[in-house]
Amino acid sequence: MAIFYFSDVLRKVGLDPSKVKLIRHALTDRGFRECYKANVVYEYTCHQKSGFSKGYDYWVTFISDQGTLCKLDSCYKVGATVPDTPDMIPKGVPEIEARKFQGKNAYFHLEPLDLLKEYEGRLIIDWGKSARMWHQKGTTEKPVVAIQADEKKVFSGFENLILTYDELKEIVENPTVYEAWHTALSSVNAIYLIVDRETGKQYVGSAYGKDGLLGRWACYVDSLHGNNKLMKELICAYPERYHDFQFSILQILPKTVTDDEVIRTESLYKRKLLTIPFGMNDN
């Protein structure tokens, strides 16, 4: 027996479920599937019969998943209908769907809302057995069956790790949300690479000590330059340049290696990448 319904979610974000229309887009429908592939789901959703939104101020859309399950797609505030628009087919709408623009329906102005933004593509409900009823009242009890993990908050693995300064800052400053990242980055020593995406110049650095790579990278979040001479000079000349820094890992080292071993490995990468004569390493 379900104890948590989507109508509860609507109330939690301040929406009256009786004023909300739920819409389920089915990937089994060829017209919608082509629009989904072409990234024109918004345009597809706007095109409805003229009285479709009577009594409703908001639409919440879902996209079909396995069986009767579906994932939250978007939340909209409904504006005025535009009766003449259907004869003007929106750009990018596939031909199979464009054929339906014959002036018989209305084109609604929908304003995207951020009320459920963090759950889009992650919150899953059970639409129920009445899948043919592709639009229903927000008061209809739809059990929330899962909220999937936010992919960006799942640790991507050392070999796949490429972060901008702003992404690194978000991770470092949110230890609870990014707990898996903090655990992984603090558990290893490493040789890392910073690239100035504006010029392509590289900096090779090393991380060792109690907090490992996390501790070293946290210094860049705090100071912007990690106390590196050439990077500090660069930021003095161009105060916003740190936003263009990209962080990645060249080699993971166990916490058991000595500091001298880490430094020797760091020096090897500096020679390989020529970061002293052509990059941002000054020694």
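Here the structure is a predicted model, which is why all the values come from computation and not from measurement.

### Concerning the side chain of Arg216
Relative to the helices and strands, Arg216 resides in helix 7 (residues 212–223). The charged side chain of Arg216 is buried without a salt bridge, its nearest counter-charge being Glu266 at 7.6 Å. Within polar-contact distance, the side chain of Arg216 engages the side chain of Tyr192 at 3.2 Å. A distance of 3.0 Å separates a polar atom in the side chain of Arg216 from the backbone oxygen of Gly226. Aside from chain neighbours lying at most four places away, what touches Arg216 is Tyr192, Ser206, Ala207, Gly226 and Asn228.

### Some remarks on the packing of helix 5 (residues 165–173) against helix 7
Between helix 5 and helix 7, the least distance of the axes is 10 Å, while the angle of their chain directions is 115°. The crossing of helix 5 and helix 7 is left-handed. Touching Tyr165, Leu168, Lys169, Val172 and Glu173 of helix 5 are Leu214, Trp217, Ala218, Tyr220 and Val221, all from helix 7.

### Considering the packing of aromatic side chains
Counted by the stated rule, this structure contains 16 aromatic pairs. Residues Phe52 and Trp59 carry aromatic rings whose centres are separated by 5.1 Å and whose planes lie at 90° to one another, so their mutual orientation is edge-to-face. Both residues of the pair, Phe52 and Trp59, belong to the buried class. One aromatic cluster is present, formed by Phe52, Trp59, Phe108 and Trp134 through successive ring pairs. Between Lys21 and the ring centre of Phe52, over which it is positioned, the NZ or CZ distance is 4.0 Å. Just above the ring of Trp127 sits the side chain of Lys142; from NZ or CZ to the centre is 4.2 Å.

### Some points on the pairing of strand 3 (residues 58–64)
Of all 7 residues making up strand 3, 7 are buried, and the element is well covered by its neighbours. Residues of strand 3 alternate between two faces, with Tyr58, Val60, Phe62 and Ser64 on one and Trp59, Thr61 and Ile63 on the opposite face, all of them buried. In terms of strand pairing, strand 1 (residues 20–25) meets strand 3 through 6 bridges, oriented parallel. In the sheet register, Ile23 faces strand 3, and the bridge partner there is Thr61. Of the pairings in the sheet, the one linking strand 3 to strand 4 (residues 69–82) comprises 7 bridges and is antiparallel in character. Note that in strand 4 the partner of Ser64 across the bridge is Cys70.

Conventions we followed
Every chain's residues receive numbers from 1 upward, in the order its sequence appears when written. Side-chain atom pairs in this predicted model are given and counted only at pLDDT of 80 or more, local residue features only at pLDDT of at least 70, and totals for whole chains, interfaces and linings cover all residues. For the side-chain quantities, the full set of heavy atoms in the structure was used; hydrogens and water were omitted. Only DSSP runs of H or I with at least four residues qualify as helices, and only runs of E with at least two residues qualify as strands; both kinds are numbered from the N terminus onward. Each residue is assigned to one of three classes by its accessible area relative to the maximum for its type, calculated with a 1.4 Å probe on protein chains only: buried under 20%, partly exposed between the two thresholds, exposed over 50%. Under this rule, positive means Lys or Arg and negative means Asp or Glu; His and the chain ends count for nothing. Criterion for a salt bridge: a side-chain nitrogen of Lys or Arg within 4 Å of a carboxyl oxygen of Asp or Glu. Distance and chemistry together define a polar contact, namely a pair of N or O atoms within 3.5 Å, with one atom able to donate a hydrogen and the other to accept it when in protein, and with adjacent residues in sequence counting only for side-chain atoms on both sides. Between two residues, a contact is recorded if the distance between any of their heavy atoms is within 4.5 Å. Only C-alpha atoms enter the line fits that serve as axes; for helices the fit covers just the stretch in contact. Angles between N-to-C directions range over 0 to 180 degrees. Each crossing gets its handedness from the near helix: less than a right angle anticlockwise from the far helix is left-handed, clockwise is right-handed. A pair of Phe, Tyr and Trp rings is counted when the ring centres sit within 6.5 Å of each other, with Trp represented by its six-membered ring. The angle between the planes then sorts it: under 30 degrees is stacked, over 60 is edge-to-face, the rest tilted. A ring has a charge above it when a Lys NZ or an Arg CZ is no more than 6 Å from the ring centre and no more than 35 degrees off the ring normal. At least two DSSP bridges between two strands are needed for those strands to be called paired.

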